[in-house]
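Okay, here's what each chain looks like letter by letter:
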Amino acid sequence: MTTTERTLDGPHGRLRIRVHTTDGPARAALVWSHGGGFMFGDLDMPESVQTARELAARGVTTVEVEYRLAPSDERPDGVHFPVPQDEVRHVLATVRGDASLDTGGRDWAIGGASAGASITASAALRLVADGEAPRQVLLAYPTVHAELPPLSDELAAAMVGVEPARRFTPEAVRQMNANHAHGAGDGVFAGGADLTGYPPTCIVDSERDDLRASGAAFAEELRAAGVAVRYAVEPGTFHGHLNDEGSAAAFRTIDRFAAFLLAD
């Protein structure tokens, strides 16, 4: 595997990406975005770099995106929608035009985790509308609704005993999403949108995660729109389990994604 750092002239300034190419011929290709509540995260968190490296080891050329982050106490001058979505789309267009990157003859997929999954999901909406849909969409424990859907009885039972620091209350989700959206309306969140023509999608949720309500609801919305969906819940995990470096659960999820990407 070869890893290369690049800086692009992005739509909102310099845009850092990291490209992981396979040792042998590639069989698929993916643009991947980390999570972090829209406000945090970088290319070096396991959710980003471990996922990308492991997918490359499984035959998937993978590009990590260091999209711009929303405002936080440490970064009051952060950005809002649609800046990160613009950057994901720009990276996709750039790698699509780079003949030096082996994709195994397939078009690129896009994917992400948590907030990165939200950015990915709404970027896919815009790509579909523009006739530039990616081949597939991968979403790890996504939050894709402006308001957290109600928890099912089964999920509510699974959350009993989970420490408060791991919980996502409806109000916390509302505030996080409002910080990202900054008053924008249509197109910010894929949940509840018109999903006609949306690409085949793989969603993997954490078992003991309030945000599973969003991932599960989105899977049903996709199915209702006639989209091919593969949905799984990773047993025994909390939100962000791809950040558990070297964990069996993280590798199981990466295997699920690889199988989806490499399927005929």
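Further up the page is the structure itself.
A brief look at the structure comes next. These figures come from a predicted structure and were not determined experimentally.

**Quick look at the sheet that holds strand β6 (residues 137–140)**
Link 1 in the chain: What the eight strands build is an open sheet, ordered β1-β2-β4-β3-β5-β6-β7-β8; its pairing is mixed. Of all strands in the sheet, those with a lone pairing partner are β1 (2–10) and β8 (229–238), marking the two edges. This sheet shows a mean twist of 20 degrees between the axes of neighbouring strands, independent of strand direction.
Link 2 in the chain: Taken strand by strand, helix α3 (residues 115–129) contacts β3 (28–33), β5 (109–113) and β6, and its axis lies near 150 degrees from that of β5.
Link 3 in the chain: Against the sheet, helix α6 (residues 212–224) touches β6, β7 (201–208) and β8, its axis set at about 150 degrees to β7.

**Considering the pattern of salt bridges**
Link 1 in the chain: Under the criterion given, the structure shown has 20 salt bridges.
Link 2 in the chain: Residues R18 and E5 are paired through a salt bridge, measuring 2.6 Å at the closest nitrogen-oxygen approach. Pair noted here: R18 is in strand β2 (residues 13–21) and E5 is in strand β1, with a separation of 13 residues, a long-range link.
Link 3 in the chain: Look at E5 and you get partly exposed, because its relative accessible area is 43%.
Link 4 in the chain: For R212, the salt bridge identified is with E154, shortest N-O distance 2.9 Å. With a gap of 58 residues between them, R212 in helix α6 and E154 in helix α4 (residues 153–158) connect regions that are remote in the sequence.
Link 5 in the chain: Judged by relative accessible area, E154 falls into the partly exposed class, the value being 45%.

**What to know about the packing of helix α1 (residues 46–57) against helix α7 (residues 248–262)**
Link 1 in the chain: Contact geometry for α1 and α7: axes closest at 10 Å, N-to-C directions at 50 degrees. Here α7 runs oblique to α1, going by the angle between their axes. Crossing handedness for the pair α1 and α7: right-handed. Two secondary-structure elements touch here, α1 through Q50, T51, E54 and L55 and α7 through A250, F251, I254, F257, A258 and L261.

**A look at the nonpolar core**
Looking at soluble globular proteins, one finds that nonpolar side chains tend to be buried together.
Link 1 in the chain: Ranked by size, the top nonpolar core spans 43 residues in total, and within it V31, V91, W108, Y198 and F218 carry the most contacts.
Link 2 in the chain: Only β2, β3, β4 (60–65), α2 (83–96), α3, β6, α5 (170–181) and α6 provide two or more residues apiece to this core.
Link 3 in the chain: Ranked by residue count, the leading element in this core is α3, at eight residues.
Link 4 in the chain: Apart from the residues within four sequence positions on either side, V91 is in contact with L8, L15, I17, V31, V63 and V65.
Link 5 in the chain: W32, A250, F260 and L262 belong to the second largest nonpolar core, which has 20 residues in total.

Criteria and thresholds
- Residues numbered from 1 in each chain as written.
- Predicted model: local features only at pLDDT ≥ 70, side-chain atom pairs only at ≥ 80, totals over all residues.
- Heavy atoms only, no water.
- Pairing = 2+ DSSP bridges.
- Helix = DSSP H or I, 4+ residues; strand = E, 2+ residues; numbered from the N terminus.
- Axes fitted to C-alpha atoms, helices over the stretch in contact; angles between N-to-C directions.
- Contact = heavy atoms within 4.5 Å.
- Salt bridge = Lys/Arg side-chain N within 4 Å of Asp/Glu carboxyl O.
- Buried < 20%, exposed > 50% of the residue type's maximum accessible area, 1.4 Å probe, protein only.
- Parallel < 35°, antiparallel > 145°, perpendicular 65-115°, else oblique.
- Left-handed = near helix turned anticlockwise from the far one by under 90°.
- Core = buried A, V, L, I, M, F, W, Y, C linked by side-chain atoms within 4.5 Å.

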